[in-house]
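# Inside the fold
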Amino acid sequence: MIVLRSRQEIDLIRAACQIVAEVLQRLGAMVAPGVSTAELDERAEKWTRERGAVPAFKGYNVGGRVYPSSLCVSINEEVVHGMPSAKRILKEGDIVGLDFGAVHKGYYGDSAVTLAVGGVSENAARLMQVTRESLYCGIENMRLGNRIRDISAAIQNHAESHGYGVVRDFVGHGIGQRLHEEPQVPNYVGAGQNPRLKEGMVLAIEPMVCEGTYEVEVLQDGWTAVTRDRRLAAHFEHSVAVTANGPEILTLPS
Ligand code: CO
């Protein structure tokens, strides 16, 4: 069931989203060679609790596996769900995906960015840029009269027109009183449900874009998804409401 949110509920989701946006912005300012991914995770949790919210991923159960951290930190060939560790140190030239969610007064926010650690290769910079553009191509299509597949097509066309692959194994999602709600929002055109967009839908749009193959595999740790060919991947995500006036991005820092 797809829940349509009232103005009041969207305001509540926005409040959670604003905490996520602020945390991601502050984490972004910390990203530098020598910083451990555990330090980023600790800060994310601390800043969230200071705002009276709770990290959404910590303790999250996916098919019986419980995610142990507050933040996902995915470096280079890691696509999503990289687990923070004191032993994992950012280095010059890395690209690092920071994916964070929070719950506040029962409502969820979810957002992700991919950032450069110091100077990065032109290829890495281009991949990040095109992935971010793909996210905005998808968001622009969150208009009444469109369907979910219009969002998917816009994301896929933009990424593939630059020679990149879009990940199939993970998708965007509805968000509100749970982290993952209906509908699914694939970043490619496939079969399956294709609901019409309605006023009050809130969707987390999150393209994962690869330099090479879009195929991913999950490492022994049970979480970290990496590209099969170990080439780079990037990930950007916003939580966005469908309104009569067009898309409203709730996770933009104010
Ligand atoms: Co998400």
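What you see is a predicted model, and the numbers here were worked out from it, not measured in a lab.

### A few points about helix H4 (residues 148–161)
- Compared with an ideal rise of 1.5 Å per residue, which puts 14 residues at 20 Å, H4 spans 20 Å between its outermost C-alpha atoms and is within 8% of the ideal.
- Among the residues making up H4, those that are buried are Ile148, Ile151, Ser152, Ala154, Ile155, Gln156, His158 and Ala159.
- The secondary structure elements touched by the buried residues of H4 are helix H3 (122–140), strand S8 (165–166), strand S10 (181–185), strand S11 (202–205) and strand S12 (208–210).
- Gly163 sits one or two residues past H4 and shows a positive phi near 85°.

### Topic: H3
- In this model, H3 (19 residues) spans 27 Å end to end at C-alpha, consistent with the 27 Å of a helix rising 1.5 Å per residue.
- Those residues of H3 lying buried are Ala124, Leu127, Met128, Val130, Thr131, Ser134, Leu135, Cys137, Gly138 and Ile139.

### Here we look at the pairing of strand S7 (residues 107–116)
- Within S7, eight of the ten residues are buried, leaving the element largely enclosed by the surrounding structure.
- Note that strand S6 (residues 95–104) and S7 share ten bridges and pair antiparallel. Paired with Asp99 across the strands is Ala112, a residue of S7.
- Taking the residues between adjacent antiparallel strands as the criterion, S6 and S7 are bridged by two residues, where Lys105 takes a positive phi near 50°.

### Some thoughts on the side chain of Asn194
- Turning to its location among the elements, Asn194 is positioned in the loop between S10 and S11.
- Apart from residues no more than four positions distant in its own chain, Asn194 is found in contact with Arg147, Ile148 and Arg149.

### Brief notes about the coordination of the cobalt ion
- Looking at the metal site, the cobalt ion is ligated by Asp110 (OD), His173 (NE2), Glu206 (OE) and Glu237 (OE), spaced 2.1 to 2.2 Å from it.
- Classification of the site at the cobalt ion rests on its four donor atoms, whose angles at the metal span 81 to 169°, yielding the label irregular.
- Sequence spacing among the residues donating to the cobalt ion works out to D-x62-H-x32-E-x30-E. Residue Asp110 is located in strand S7, and its partner Glu237 is located in the loop between strand S15 (233–235) and strand S16 (238–243); the two are separated by 127 residues in the primary sequence.
- For Asp110, a relative accessible area of 2% gives the class buried.

### Considerations on empty space enclosed by the protein
- A complete count under the given rule lists three cavities of 30 Å³ or more for this structure.
- By volume, the largest cavity is sized at about 50 Å³.
- Residue lining of the largest cavity: Ile2, Val3, Arg5, Gly174, Ile175, Glu181, Glu182, Pro183, Met201, Val202 and Leu203, and that is the complete set.
- When residues of the lining of the largest cavity are traced back to their parent elements, those giving at least two are S10 and S11.
- Take the lining of the largest cavity: its biggest share by element is three residues, from S10.
- Of the residues in the lining of the largest cavity, the class split is seven nonpolar, one polar and three charged.

Cut-offs applied
Residues numbered from 1 in each chain as written. Predicted model: local features only at pLDDT ≥ 70, side-chain atom pairs only at ≥ 80, totals over all residues. Heavy atoms only, no water. Helix = DSSP H or I, 4+ residues; strand = E, 2+ residues; numbered from the N terminus. Expected span 1.5 Å × (residues − 1). Buried < 20%, exposed > 50% of the residue type's maximum accessible area, 1.4 Å probe, protein only. Contact = heavy atoms within 4.5 Å. Pairing = 2+ DSSP bridges. Donors = N, O, S within 2.8 Å, 3.2 Å for Na, K, Ca; no water. Tetrahedral: all angles 85-135°; square planar, octahedral: opposite > 155°, others 65-115°. 1 Å grid on protein atoms, 1.4 Å probe; cavity = no way out; pocket = protein on both sides within 12 Å on 5 of 7 lines; lining within 4 Å. Points joined across faces, edges and corners; volume = space filled by probe spheres on them. Nonpolar A, V, L, I, M, F, W, Y, C, P; charged D, E, K, R; others polar.

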